[in-house]
Amino acid sequence: MSRTPLIAGNWKMYKTGPQAVETAKELAALCSDVQDKEVMIAPTYLSLPLVSQAVKGSRLYVGAQNLYFEKEGAYTGEVSADMIKAAGAEYAIIGHSERRQFFSETDESVSKKINAAVQTGLKPVMCIGETLEEREAKKTFLVLDKQVSDGLKGFGLDDLKDLVLAYEPVWAIGTGKTASVEQVEEVHQYLRSLLEKLFESKLANQTRILYGGSVKPENAKDLMGIADVDGALVGGASLDAGSFINIINYNAV
Ligand code: PGA
């Protein structure tokens with residue numbers, strides 16, 4: 001089965017509304033002839049409606065960096081899947097390691113958030129990955145197995161038809177340290193077989209598995225060339241349209 005690669009930019013807590021719109025427009029112009037892959041940008045909640053409006057009619061998709069799983073209610077400071085959808089987003093990043101690390105995100109809350117995304121028609125980009133200590137203790141597969149099994153517990157095949165997995169080793173995020181081609185290949189193969197074991201081969205074959213963690217124009221071609229890698233989740237190098245387009249066009253160089 002052929003999977004359309006997804007190159008996603010996670011803008012984290014960077015850029016004001018006007019700055020986000022400027023970069024989004026610049027990127028939309030640069031992406032006008034990108035045919036063979038999807039490109040998504042995830043600005044802050046505040047910039048979502050502005051960026052969605054600015055890139056309307058372009059080849060760019062817009063995503064949120066998080067959501068809250070309740071439909072609505074007295075949850076001060078939170079934003080629901082419906083609100084995100086209404087702001088023009090099609091994707092939602094869920095369970096990013098920074099949310100797990102700094103905002104007490106758990107596999108249980110990740111699962112509830114995926115459910116909220118699915119019920120609303122947002123495509124979930126579910127992030128998983130091991131810390132350096134876990135890798136050194138040879139627990140990588142154990143950790144990933146738990147994150148995937150618990151995060152996706154109880155879902156049916158139809159619920160997960162738009163699921164995207166993003167493997168982001170925590171030690172490679174924002175550190176400049178990229179996982180080696182061998183490490184990425186081994187984990188991505190493992191994740192695809194895990195999806196097959198937990199669900200069935202149809203889901204395993206259709207799910208895009210992204211790599212994230214210090215992806216840059218210089219290493220994108222090698223990483224994206226790995227058999228089970230279907231795109232990238234990019235932080236730092238997605239903030240500048242000129243750098244991000246060189247990652248998006250990894251196969252043109
Ligand atoms: P990085 O971030 O590309 O800056 O390492 C990746 C991410 O957090 O998704």
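Report on the accompanying structure.

**Topic: helix 10 (residues 217-224)**
For helix 10, the full list of buried residues reads Asn-219, Ala-220, Leu-223 and Met-224. The buried residues of helix 10 occupy one face: seen down the axis, they fall within an arc of 125°. Among the exposed residues of helix 10, those oriented more than 90 degrees off its buried face are Glu-218 and Asp-222. Where helix 10 is buried, its residues contact strand 1 (6-10), helix 8 (181-198), strand 7 (208-212), strand 8 (231-234) and helix 11 (241-248).

**Quick look at the site of the ligand**
Neighbouring the ligand are 13 residues, the closest being Lys-12, His-96, Glu-168, Gly-174 and Ser-214. Measuring from an oxygen atom of the ligand, one finds a backbone N or O atom of Gly-235 at 2.8 Å. Tallied by class, residues from the shell around the ligand come to four nonpolar, seven polar and two charged.

**Overview of helix 5 (residues 107-120)**
For helix 5, built from 14 residues, the straight-helix expectation of 20 Å at 1.5 Å per residue is met to within 8% by its first-to-last C-alpha distance of 20 Å. Summarising burial for helix 5: 10 of the 14 residues are buried, a large majority. On its buried face, helix 5 sits against helix 3 (81-86), strand 4 (91-94), helix 4 (97-102), strand 5 (123-128) and helix 7 (140-151).

**Some words on the side chain of Glu-130**
Residue placement: Glu-130 occurs in the loop between strand 5 and helix 6 (132-136). Within the structure, Glu-130 has its side chain in polar contact with the side chain of Arg-135 (distance 2.7 Å). Not counting residues within four places of it along the chain, the set of residues in contact with Glu-130 comprises Arg-135, Thr-140, Val-143, Tyr-167, Pro-169, Val-170 and Trp-171.

About the thresholds
- In this convention, every chain numbers its residues from 1, walking through the sequence in written order.
- Local features in this predicted model are restricted to residues whose pLDDT is 70 or higher, and side-chain atom pairs enter the listing and the counts only when it is 80 or higher, whereas totals over whole chains, interfaces and linings include all residues.
- With hydrogens and water set aside, each side-chain value is computed from the structure's full complement of heavy atoms.
- The cut-offs for exposure are 20% and 50% of the maximum accessible area for each residue type, with area from a 1.4 Å probe on protein chains only; residues under the lower value are buried, those over the upper are exposed, and the others partly exposed.
- The secondary structure listing takes helices from DSSP runs of H or I that are at least 4 residues long and strands from runs of E that are at least 2 residues long, numbered from the N terminus.
- In this description, the arc belongs to the directions extending from the helix axis to the C-beta atoms.
- In what follows, a contact means two residues having at least one pair of non-hydrogen atoms within 4.5 Å.
- Any residue with a non-hydrogen atom lying within 4 Å of a molecule or strand is treated as near it.
- Whenever two N or O atoms come within 3.5 Å, that pair is a polar contact, provided that in protein one can donate a hydrogen and the other can accept it, and provided that, for residues adjacent in sequence, both atoms are side-chain atoms.
- Polarity classes work like this: nonpolar for Ala, Val, Leu, Ile, Met, Phe, Trp, Tyr, Cys and Pro, charged for Asp, Glu, Lys and Arg, and polar for all others, with Gly in that last group.
- Multiply 1.5 Å by the residue count of a helix minus one, and that product is the helix's expected span.

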